[in-house]
Amino acid sequence: MITVYFVRNGSKIPVEVDTGASLMEAAKFYSKVDIPEIPADCGGACACATCHVHIDERWLAKHGKTSYNTPEIELLEYEKGFKDGVSRLACQITLTKEDDGLIVNLRNDELL
């Protein structure tokens, strides 16, 4: 088990999750707190972008950049709040033991 943190309005939501799970699964299935910012409508199939998060600056080197010409970036480029090098789809991040302490910022479309 590792702990990842989802940040909402400056408050960290700690979630303990098994390695091998995706960041989206951490939000949907492991969190004891509802995280409505990640509805994950497609269930992790990289088809809807409803799990769009912003990677915290301390974790950009590991998770900030996604490859171009991939389904992930093609979905993200059209999302409100897209930030190149910061935006990721939580369903595309598979968690490893090195991700213990990972911080991601939840997007609030009302504030974008």
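Attention in this report is confined to the structure presented alongside it. Bear in mind the structure is a predicted one, so any value in this text is a computation, not a measurement.

## Structural notes on the pattern of salt bridges
So, step 1. Under the defined criterion, the tally for this structure stands at 6 salt bridges.
So, step 2. Measuring nitrogen to oxygen at the nearest pair gives 2.6 Å for the salt bridge that ties Glu-37 to Arg-8. Taken together, the residues Glu-37 in the loop between helix H1 (23-30) and strand S3 (52-55) and Arg-8 in strand S1 (residues 2-8) connect sequence positions 29 residues apart.
So, step 3. We classify Arg-8 as partly exposed; its relative accessible area is 23%.

## Topic: the sheet that holds S1
So, step 1. Pairing is mixed across the open sheet formed by 5 strands, whose spatial order is S2-S1-S5-S3-S4. One side of each edge strand has no neighbouring strand; the edge strands of this open sheet are strand S2 (11-17) and strand S4 (87-89). On average, each strand axis in the sheet is tilted by 40° relative to the strand beside it, whichever way the strands run.
So, step 2. Looking at chain direction, S3 and strand S5 (residues 103-106) are connected through 3 bridges and run antiparallel. Its bridge partner being in S5, Ile-55 is matched across the sheet by Val-104.

## A word on H1
So, step 1. By the burial criterion, the buried members of H1 are Leu-23, Met-24, Ala-26 and Ala-27. Taken around the axis of H1, the buried residues stretch over an arc of 165°, which confines them to a single face.
So, step 2. In this structure, the buried side of H1 is in contact with S1, S2, S3 and S5.

Quick notes on the rules
Residues numbered from 1 in each chain as written. Predicted model: local features only at pLDDT ≥ 70, side-chain atom pairs only at ≥ 80, totals over all residues. Heavy atoms only, no water. Salt bridge = Lys/Arg side-chain N within 4 Å of Asp/Glu carboxyl O. Helix = DSSP H or I, 4+ residues; strand = E, 2+ residues; numbered from the N terminus. Buried < 20%, exposed > 50% of the residue type's maximum accessible area, 1.4 Å probe, protein only. Pairing = 2+ DSSP bridges. Axes fitted to C-alpha atoms, helices over the stretch in contact; angles between N-to-C directions. Arc of directions from axis to C-beta. Contact = heavy atoms within 4.5 Å.

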